[in-house]
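Okay, here's what each chain looks like letter by letter:
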Amino acid sequence: MNKRRPNPKQVPDPNEPLWRSTLRVAMPLNLSYIPIGLACGILLHAAGFNTLLTGLVSLLIFSGGAQFLIATMLTINSPLLSIVLMLFFLELRYALLSSSLSPYLKGSSNRFLFMFAVSLNDENYAINYLKFATDKKWTGKEALMVEHYSLLFWAASNVVGSLIGSALKIDLSIVNFALTALFLYMIVMQIKNRLTIVICLISGVLAAVCMMLTKSTLGLVISTIIASLIGFGLEATLRKRLPDSHWLWRLRSPGSKKKAVEHSDAN
Amino acid sequence: MNAVNTWNSTQHFWLIILGFIVAFIPRFFPLMLFTKRAIPEWFNEWMKFVPVSLFTALVVKDIFIDSASYALLLDKYSEMLAAVVVIIVAYRTRSMAISVVVGLIGVFVLSMFMA
């Protein structure tokens, strides 16, 4: 790709149609959805979802984490209410993503905001946030196109994964690790300072304790609320008492400049 | 992961609809509200810690907690090692696809050598 377009950012072709320029922006994300979507489709098939419903869940929920969670919780026969509650807490993070995009979408109609919210997701958020922040010509219309491209690739790879799952016998405990890896990746992308690492450790210990005590995934919900409140409190106290504390120093990652578009969180 | 789920497609359909509603609420309402008025600072400061806390909790559940009895498990060595590999790869490449694929290959290879 680099050979064909040596410098795509600096020299935009003014005659390039909009669908193609937005597709070019969305392409790295689209391609990275393929392996994860395939794994997700295989797992959903194993959980009993038929191919049609796998397509539907990818279009309507459109969240890797949530769909993997549905598949895992169905295979351990969790009750409906517990799955939906867990999904709610998992999806609550979108409140943060959508509020941080809201300054760029001022003046849009509610119909547009509806369309935008339905296909919002961690990864296309990262791309759009970056484009909104750096490209003055980037508007809601282009952002929505990027969302739709990623939605299309995600749903298609899920459906193909579901078909693969029905054709081949696959070790599910290994495929399930795709979810763990996805979450680990998202944690690494979220780490901005040393305080975040402390919160990770606190949250990890709390999660184990709460789950052992409640004997259910409700422990996850409780530990998430406590850990995020501890983080909120600790940061506010540090900011007030020790504004130069090294716990608040920013951490930079070696690859962060090269592949900015693939960030899960560009905040 | 051996248990076979007994739900039928109608139940799956309703799960999707309910899932859509809980996925839609946190995506839409902040967007609708905050394109019209300012975001309260404390809300943002608090929500900042929700994703990282939740993802860590989910990873701990996947690696250290037994999915049936909710007892502490400390013998999933291949998953633990693969998790360390994923963290390093994610930190260095910042690519979601590479991290996930390396994680899958890692856990597959490691589980052949360890129980």
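Here the structure is a predicted model, which means the values were calculated and not measured. (Residues numbered from 1 in each chain as written. Chains lettered and ligands numbered in written order. Predicted model: local features only at pLDDT ≥ 70, side-chain atom pairs only at ≥ 80, totals over all residues.)

Bringing the overall build of chain A into the picture now. Looking only at helices and strands, chain A has twelve helices and zero strands in total. Secondary structure elements in chain A, listed N-terminal to C-terminal, are α-α-α-α-α-α-α-α-α-α-α-α. Residue burial in chain A is summarised as follows: out of 267 residues, 49% are buried. Considering only intrachain contacts with a sequence separation of at least 6, the fraction spanning at least 24 residues in chain A is 78%. (Helix = DSSP H or I, 4+ residues; strand = E, 2+ residues; numbered from the N terminus. Buried ≥ 20, exposed ≤ 12 C-beta atoms within 10 Å, placed from the backbone. Contact = placed C-beta atoms within 7 Å.)

On to helix H11 (residues 194-214) of chain A, then. Taking 1.5 Å per residue as the helical rise, H11 of chain A with its 21 residues ought to reach 30 Å, and the 30 Å between its terminal C-alpha atoms agrees with that figure. Along H11 of chain A, the residues that are buried comprise Thr196, Ile199, Cys200, Ser203, Gly204, Leu206, Ala207, Ala208, Cys210 and Met211 of chain A. At its buried positions, H11 of chain A is contacted by helix H10 (177-190) and helix H12 (218-241) of chain A together with helix H3 (50-64) of chain B. One or two positions beyond H11 of chain A, positive phi appears at Lys215 of chain A, with a value near 55 degrees. (Expected span 1.5 Å × (residues − 1).)

All names here are of chain A. Assigned domains within chain A: domain 1 (18-189) and domain 2 (192-250). The C-alpha centroid of domain 2 is placed 26 Å from the C-alpha centroid of domain 1. Between domain 1 and domain 2, the residue contacts involve five residues of the former and six residues of the latter. The residue inventory of the side of domain 1 that touches domain 2, partitioned by class, reads four nonpolar, one polar and no charged. (Domains from an automatic or database assignment. Nonpolar A, V, L, I, M, F, W, Y, C, P; charged D, E, K, R; others polar.)

Contact with chain A, which involves 94 residues of that partner, is made by 72 residues of chain B. The greatest single-element share of the side of chain A that touches chain B, amounting to 14 residues, is contributed by H10 of chain A. Of the residues in the side of chain A that touches chain B, the class split is 58 nonpolar, 28 polar and eight charged.

Domain annotation of chain B identifies domain 1 (1-37) and domain 2 (48-114). For domain 1 of chain B and domain 2 of chain B, the distance between their C-alpha centroids amounts to 25 Å.

Residue and element names in this part refer to chain A. Where helix H1 (residues 18-46) contacts helix H7 (residues 122-134), the two axes come as close as 10 Å, and the packing angle between them is 150 degrees. Judged on the interaxial angle alone, H7 and H1 are roughly antiparallel. As for the relative orientation of H1 and H7, their crossing is right-handed in sense. Contacts between H1 and H7 involve Val25, Ala26 and Leu29 from the former and Glu123, Asn124, Ile127 and Lys131 from the latter. Taken together, the residues that form the contact of H1 with H7 break down as four nonpolar, one polar and two charged. (Axes fitted to C-alpha atoms, helices over the stretch in contact; angles between N-to-C directions. Parallel < 35°, antiparallel > 145°, perpendicular 65-115°, else oblique. Left-handed = near helix turned anticlockwise from the far one by under 90°.)

With 15 residues, H3 of chain B should reach 21 Å at 1.5 Å per residue; the first-to-last C-alpha distance of 21 Å fits that figure. Of all 15 residues making up H3 of chain B, 14 are buried, and the element is well covered by its neighbours.

One finds Leu43, Ala178, Ala181, Leu182, Phe183, Leu184 and Tyr185 of chain A to be the most contacted residues of the largest nonpolar core, which totals 104 residues. If we ignore the near neighbours within four places in the chain, the residues touching Leu184 of chain A are Val59, Ala83, Val86, Ile87 and Ala90 of chain B. (Core = buried A, V, L, I, M, F, W, Y, C linked by C-beta atoms within 7 Å.)

Further remarks concern the UniProt feature "transmembrane region" (unreviewed entry) in chain B. Residues and elements named next belong to chain B. Taking the numbering used here, the UniProt-annotated feature "transmembrane region" (unreviewed entry) corresponds to residues 12-34, 46-64 and 96-114. Across residues 12-34, helical content stands at 100% and strand content at 0%; the span's end C-alpha atoms are separated by 34 Å. Between the C-alpha atoms that bound residues 46-64 there is a distance of 27 Å. The span itself is 89% helix and 0% strand. (UniProt positions renumbered as here; feature names shortened; annotations may be inferred.)

Okay, the UniProt feature "transmembrane region" (unreviewed entry) in chain A next. Residue and element names in this part refer to chain A. UniProt records the feature "transmembrane region" (unreviewed entry) at residues 33-62, 68-90, 146-164, 170-188, 195-214 and 220-238, using the numbering of this structure. Between the C-alpha atoms that bound residues 33-62 the distance is 11 Å, and the span itself is 80% helix and 0% strand. As a span, residues 170-188 carries 84% helix and 0% strand, and end to end its C-alpha atoms are 29 Å apart.

Residues and elements named next belong to chain B. Confidence along chain B averages 86 in pLDDT terms, with 95% of residues attaining 70 or more. Across chain B, element-level confidence peaks in helix H4 (residues 77-93) with a mean pLDDT of 93 and bottoms out in helix H2 (residues 41-47) with 80. Here the complex is predicted with pTM 0.74, and the ipTM for its interfaces comes to 0.83. (pLDDT = per-residue confidence, 0-100.)

Even without being a glycine, Phe62 of chain A presents a positive backbone phi close to 45 degrees. By secondary structure assignment, the location of Phe62 of chain A is in the loop between helix H2 (51-60) and helix H3 (64-75). According to the C-beta neighbour criterion, Phe62 of chain A is buried, with 23 such atoms within 10 Å. One non-glycine residue with positive phi stands out, namely Arg94 of chain B, at about 55 degrees. Within the fold, Arg94 of chain B resides in the loop between H4 and helix H5 (96-113).

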